[in-house]
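If you want the building blocks of each chain, they are given just below.
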Amino acid sequence: MVQTQLTDNPPPKKEKIAAETLAQNQREISVSEFFLKNRHLLGFDNPRKALLTAVKEAVDNSLDAAEEMKVLPEIKVDIIPVKGEESRIIVRVEDNGPGIVKEQIPRIFAKLLYGSKFHKMKQSRGQQGIGVSATVMYGQLTTGKPAQITSKIAPKKPAHYFELTINTKNNEPVIHKQEVVEWEKDHGTKIELELEAKYLKGKQSVDDYLKETAIANPHAHIIYTNPEGQKMEFPRATEQLPKEPKEIKPHPYGVELGMLMKMMGETKARTLLSFLQTEFCRVSSKVAKEIILKANLVEDVKPIKLGRQEADNLMKAIKQTKIFAPPTDCLSPIGEETLIKGLKKEVDAEFYAAVTRPPAVYRGNPFQLEVALAFGGSLPLDDFVRLLRFANRVPLLYEQGSCAITKAILGTAWRNYGISQSRGSLPIAPLMIMVHLSSVWVPFTSESKEAIASYQEIIKEVKLALQECGRQLASHIRKIKKRDYETKRKKVFELYMDELVESLSSLTHFDKKKLKDDLLIIAQKRTIGGEDASE
Amino acid sequence: MQVNKKEERRDPKITTIKLKKAAENVVEEAHKHKNPYIDIPVRSLSNVHFNEQQSIIELGKELQRRYFFNVAQAKKFLQTFLIASACKTLIDSGKTTSIRDLYYMTKHTIGDSNENTFDDQMDSDLIIEDLEVTIDALREELNLFASNRGALVGPLKLIDSGDKIDCSKMGSGGWSVPSIVEKNLVEFESCEAKFILMVEKDAVWRRLNEDKFWKKHKCILIHGQGMAPRGVRRLLFRLVNELKLPLYVFVDNDPWGFYIYSVIKQGSINLAYESQRMAVPSAKFLGLSSFDKDIYKLPDNVTIKLNEQDKSRAKQIIQYPWFKSKEWQKELSHMLKQGVKLELEALSAKGISFVTDTYLPDKINNKKWLD
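Calculation rules
Residues numbered from 1 in each chain as written. Chains lettered and ligands numbered in written order. Predicted model: local features only at pLDDT ≥ 70, side-chain atom pairs only at ≥ 80, totals over all residues. Heavy atoms only, no water. Helix = DSSP H or I, 4+ residues; strand = E, 2+ residues; numbered from the N terminus. Buried < 20%, exposed > 50% of the residue type's maximum accessible area, 1.4 Å probe, protein only. Contact = heavy atoms within 4.5 Å. Axes fitted to C-alpha atoms, helices over the stretch in contact; angles between N-to-C directions. Parallel < 35°, antiparallel > 145°, perpendicular 65-115°, else oblique. Left-handed = near helix turned anticlockwise from the far one by under 90°. Nonpolar A, V, L, I, M, F, W, Y, C, P; charged D, E, K, R; others polar. Buried area = accessible area lost by both parts, 1.4 Å probe. Salt bridge = Lys/Arg side-chain N within 4 Å of Asp/Glu carboxyl O. Pairing = 2+ DSSP bridges. Core = buried A, V, L, I, M, F, W, Y, C linked by side-chain atoms within 4.5 Å. Domains from an automatic or database assignment. pLDDT = per-residue confidence, 0-100. Polar contact = N/O pair within 3.5 Å; in protein donor to acceptor, adjacent residues only side chain to side chain. Phe/Tyr/Trp six-rings, centres within 6.5 Å; stacked < 30°, edge-to-face > 60°. Expected span 1.5 Å × (residues − 1). Bend = angle between axes of the 7 residues up to and from the residue. Disulfide = S-S within 2.5 Å.

### Quick word on the overall build of chain A
- Of the regular secondary structure elements, chain A holds 14 helices and 16 strands.
- Per-residue burial over chain A gives 52% buried out of 535 residues.
- Considering only intrachain contacts with a sequence separation of at least 6, the fraction spanning at least 24 residues in chain A is 70%.

The following block contains the structure:
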């Protein structure tokens, strides 16, 4: 809940105003109201971005849901223009996920900040849990129409259809219609909503987002129809589901004061000692005792009884205590082989490379970096490299400039790898660089989740991964140069051949055609790929 | 032996056969799918040696294998056979041509490229020299000649291409020395000269001709316009050997002048294969000597400082085996020590005809020369 002072009624005269008078103007505003005023924070700044955000939130949820059920995601995305309403668009996203039980449907789609992901320390696409319901509210606010949800959890169970809006005053779902419908699907969820939006192609478009999603999720099959009726299919490149990420408890180094206080208020642990041991990872009783001692507290105090001052002491004590890094087996990277498969199916290049770094830790949060490159082929020759950024397999389309990944790319000496780069700008080459960060908690710079915060640990890992890929690329570029040189050599020989044969023919007699053929054979043998190529 | 063999013009068929053999070798190698090559004797300091007995520079046995399938050599390889083919055409038709003309004959654009077979006559001249040494044929045997360079005056009568020439009546320009002076073209009829004076420079030669130095001293006066061309060298060789005349060389006092003298005397590094028929080991160096400035009391202002190029050239020459004699080492060391050079014109500081009236007679009569 957010307290704010409304200034609609400025005091008319320079009178002393009693606090009571002021209090009349002070009231609680609901999250929904707050959202209404701050829609840009959640990615609904303008009609174009609103469309992307709507699709993104729905697709991210669908992918997460299918993976949770361990089925290969089948996702259908339709963007349909609304007749007679040029500024409106209908978005329909359908998946083959586990579906949602009837009772939960209204809250999941029509209550902000409701969900299973926010409290979990687990690598997942959506992590703020504000996503899909925010889209429902945006649609409702801009068109007045409810969202239509259909969900089915098993072949023999009925499919439930809901029409929902959010009560913006109390952040509770409003059910406009609810019925059992026929749905040929075994299980899955479909959401359809109308919103004020604008469809444009090019960079940061839905098309781009889905294409990039397909690259980072080669196990998914996505069928997309744009408002022009063009159908695009992103086929599956691997039948292998990603390794399921494990949920871990937070690491003490990663916890913030507010979070610590909240955890202390909600814990079932009866003593501070057991709270520290059970709610955090890597805290043994020895470590817990050390923290408590340093915080000048007692072991058997009830956590719920501790206030802000004590929490603050605990925070300081944690910082002074040496604690093992969190376990890193909780992460699910894409993997080098799959990265290349994903790139290959969407980008026509002549060289691919991928590197998955070992996991690392920033502020108590495990993370893992991956870089994949595509070089040459259909990529533009004299343009800046194309950078694809991903966090937990979700493409990041906005705020490239302020992202840690971009900073790491700018800080890498590409010239060492045969790629030209001017100071402080992206390299220029027929190159696509894909960087993927997996983490239980991705440190975004803002709520719209578009740029990764510049932690030194993260930048360092990105650079190391880039360097590893860069070395592979450099060796490829050397090979091309060698090949080009050989081609040039061959051309030189071929150019002189006719002249030579003519000159020789005036000196002695021989079969000109035979000699020419012989010379061509030698040229082939001694140049490109020939056994004697390097004389 | 070799001298005699090369004395006479050989059957042109021999040259044709040699050219044919080089071409056949290329075709054979190509049929074996091997990189075709042509072996060319190396024409550099590393492959010449000084024959002390004969006192001439000789070409060694070192060969450079020029391949077609080598980016650095492919073009030269092609050029070699372009020149060979053009020479074959000349020989077959019994025509001769100048090396400049041959350059234009063989110069053209290759295929549909922007590249020419030759871009500079220097390139084709070098290829001609490569070819000469490769198939052991003289330039004239390839039916080639260079433009005339150098001139001669003196009490000498000769027949040049059937025309009788009296070299004592050649006016101010003298008889222009052709590039080919073989017996079939140039024949000596009579000679009253006692010696030959070879000067480096055209200008000094004119001074001596104007003063009728050759008349007074009964000599053949010849110049080569700088480095003596092959025609002049071959003519000197014949004059010395056939008419038994002593040869005196009169060049600038600088490393270049010394080298001109040594080329006449022992042969050149680049054309070492021609030494046998061109070098005149009996040639004497009259001057200018580094010591002449003091001996003839020339004023200080006639000297020119040695530049860096002169100094390094002098240091090279001092190492050549044919400059190893005590006198020459002294001469070169003195030049380097003084750090100055003298041009022939320096003698004019003592009067316009000092060279003809005083200097040369003194040098020749008193045998003040270097060997």
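### As for the packing of helix α14 (residues 512-526) of chain A against helix α2 (residues 12-31) of chain B
- Closest axis-to-axis distance for the α14 of chain A/α2 of chain B pair is 8 Å, and the angle between their directions is 60 degrees. The orientation of α14 of chain A with respect to α2 of chain B, classified from their angle, is oblique. By crossing handedness, the relation of α14 of chain A to α2 of chain B is classed as left-handed. Each of K514, L515, D518, L519 and I522 of chain A in α14 of chain A lies in contact with α2 of chain B, whose residues at this interface are V27, A30 and H31 of chain B.
- Class assignment of the residues belonging to the contact of α14 of chain A with α2 of chain B gives a composition of 5 nonpolar, 1 polar and 2 charged.

### Quick word on the interface of chain B and chain A
- Counting from both sides, the interface comprises 32 residues of chain B and, opposite them, 25 residues of chain A.
- Roughly 2600 Å² of surface becomes buried between chain B and chain A when both sides are summed, with 73% attributable to carbon and sulfur atoms.
- Contact with chain A buries area across many residues of chain B, yet H33, F69 and V71 of chain B alone supply 27% of it, more than any other trio.
- The tally of links from chain B across to chain A stands at 0 salt bridges.

### Here's the deal with the packing of helix α3 (residues 47-68) of chain A against helix α6 (residues 206-216) of chain A
Residue and element names in this part refer to chain A.
- Close contact between α3 and α6 brings their axes to 10 Å; oriented N to C, the two are set at 20 degrees. As far as their axial angle goes, α6 and α3 are roughly parallel. As for the relative orientation of α3 and α6, their crossing is right-handed in sense. Here L51, L52, V55, K56, V59, D60 and L63 of α3 come into contact with α6, specifically with V206, Y209, L210 and T213.
- Of the residues assigned to the contact of α3 with α6, the class counts are 8 nonpolar, 1 polar and 2 charged.

### What to know about the sheet that holds strand β7 (residues 172-181) of chain A
All names here are of chain A.
- Here 8 strands make up an open sheet; going across it, the order is β7-β6-β5-β8-β4-β3-β9-β10 and the pairing mixed. Each edge of the open sheet carries a strand with a single partner, namely β7 and β10 (231-234). Averaged over all adjacent pairs, the angle separating strand axes in this sheet is 15 degrees, with direction ignored.
- Bridging between strand β5 (residues 147-152) and strand β6 (residues 159-167) involves 5 bridges; their strand directions are antiparallel. Within β6, the residue paired with I149 across the bridge is F162.
- Against the sheet, helix α5 (residues 131-143) engages β4 (85-94), β5, β6 and β8 (188-196), with an angle of about 35 degrees to β8.

### What about the pattern of salt bridges?
- Taken as a whole and assessed by the stated rule, the structure comprises 60 salt bridges over all chains.
- Here E192 of chain A makes a salt bridge to R92 of chain A, at a shortest N to O gap of 3.0 Å. With E192 of chain A in strand β8 and R92 of chain A in strand β4, this pair connects stretches of sequence that are 100 residues apart.
- Shared partners join several salt bridges into a network, and the residues in it are E132, E140, E182, R230, R234, E274 and R277 of chain B.

### Overview of the nonpolar core
- Formed by 50 residues in total, the largest nonpolar core has its most connected members in L152, L235 and L247 of chain B.
- If you count residues domain by domain, this core takes at least three from each of domain 1 (2-145) and domain 2 (151-365) of chain B.
- Once residues within four sequence positions are removed from consideration, L247 of chain B is found in contact with I196, M198, L236, V240, I264, V280, S282, A283 and K284 of chain B.
- Counting 47 residues, the second-largest nonpolar core is a separate cluster that includes F162, L195, Y209 and Y224 of chain A.

### Regarding the confidence of the model for chain B
All names here are of chain B.
- When pLDDT is averaged along chain B, the result is 88; 97% of the residues meet or exceed 70.
- Low pLDDT (under 50) marks residues 1-7, which in the prediction has 11 contacts with non-local residues, meaning those over four places away or in another chain.
- Interface confidence for the predicted complex, expressed as ipTM, amounts to 0.75; the pTM equals 0.62.

### Observations regarding the side chain of E132 of chain B
Residues and elements named next belong to chain B.
- Assignment of secondary structure puts E132 in helix α5 (residues 121-134).
- A polar atom in the side chain of E132 sits 2.7 Å from the side chain of R230.
- Look past the residues within four positions of E132 in its chain and what remains in contact with it is A137, L138, R139, L142, R230, Y273 and E274.

### Considering the side chain of H221 of chain A
Residue and element names in this part refer to chain A.
- Examined against the element boundaries, H221 turns out to sit in strand β9 (residues 221-225).
- On the accessibility criterion, H221 (14% relative accessible area) is buried.
- At 2.5 Å, the side chain of H221 and the side chain of E233 are in polar contact.

### Focus on the sheet that holds strand β11 (residues 186-191) of chain B
All names here are of chain B.
- In spatial order, the strands read β9-β8-β11; together these 3 strands make up an open sheet with antiparallel pairing. Looking at strand neighbours, the two that pair on one side only are β9 (163-166) and β11, the edges of this open sheet. Between one strand axis and the next, the sheet turns by 20 degrees as a mean value, whatever way the strands run.
- Relative to β11, strand β8 (residues 156-160) runs antiparallel, the two sharing 5 bridges. Each residue of the ladder has a partner; that of L156, found in β11, is C191.
- The strands touched by helix α8 (residues 230-243) are β8 and β11; relative to β11, the strand with the most contacts, the crossing angle is about 45 degrees.

### Re the packing of aromatic side chains
All names here are of chain B.
- Counting across every chain of the model gives 26 aromatic pairs over all chains.
- Both rings, one in F77 and one in F81, keep their centres 5.2 Å apart while their planes meet at 50 degrees; by these two values the pair is tilted. Of the two residues, F77 and F81 both sit in helix α3 (residues 74-93), 4 residues apart, roughly one turn of that helix.
- Take F77: its relative accessible area is 0%, and that puts it in the buried class.
- Considering the side-chain rings of Y296 and Y359, the 4.8 Å spacing of their centres and the 55 degrees angle between planes classify their relative orientation as tilted. Highlighted residues: Y296 in the loop between α10 (292-295) and β16 (304-305) and Y359 in helix α13 (residues 354-365), separated in sequence by 63 residues.

### Examining the environment of P281 of chain B
Residues and elements named next belong to chain B.
- By the secondary structure assignment, P281 is in the loop between α9 (255-266) and β15 (284-287).
- With a relative accessible area of 32%, P281 lands in the partly exposed category.
- Contacts of P281, omitting those with residues within four sequence positions, involve Q54, S55, I56, K265 and D371.

### Some points on the environment of K262 of chain A
- By secondary structure assignment, the location of K262 of chain A is in helix α7 (residues 257-266).
- A C-alpha to C-alpha distance of 9.2 Å links K262 of chain A and I304 of chain A, two positions 42 residues apart in sequence.

### Here's the deal with α5 of chain A
Residue and element names in this part refer to chain A.
- A rise of 1.5 Å per residue sets the reference length of α5, with its 13 residues, at 18 Å; its end C-alpha atoms lie 18 Å apart and thus fit the reference within 8%.
- Looking at α5, one finds that the buried residues are G131, V132, S133, A134, T135, V136, M137, Y138, G139, Q140, T142 and T143.
- Of the residues one or two after α5, G144 is the one with positive phi, at around 75 degrees.

### Section: helix α13 (residues 456-505) of chain A
- End to end, α13 of chain A covers 72 Å across 50 residues, agreeing with the expected 74 Å (1.5 Å per residue, within 8%).
- At M497 of chain A, α13 of chain A shows its largest kink, close to 35 degrees.

### Observations regarding the state of the cysteines
- Applying the stated criterion to the full structure yields 0 disulfides over all chains.
- The thiol of C281 of chain A is unpaired, and the distance to the nearest cysteine sulfur, on C330 of chain A, comes to 8.2 Å.
- With no disulfide partner, C167 of chain B has as its closest neighbouring cysteine sulfur the one in C191 of chain B, 9.2 Å distant.
- For C167 of chain B, a relative accessible area of 0% gives the class buried.

### Details of the pairing of strand β14 (residues 386-391) of chain A
All names here are of chain A.
- Burial within β14 is extensive, with 5 of its 6 residues counted as buried.
- Examined bridge by bridge, β14 and strand β16 (residues 431-439) share 6 bridges and lie parallel to one another. By the bridge assignment for β16, R389 is matched with V435.
- Of the pairings in the sheet, the one linking β14 to strand β15 (residues 394-396) comprises 3 bridges and is antiparallel in character. Bridge pairing in β15 links A391 to V394.
- Adjacent in sequence and paired antiparallel, β14 and β15 are bridged by 2 residues, among which N392 carries a positive phi angle near 45 degrees.

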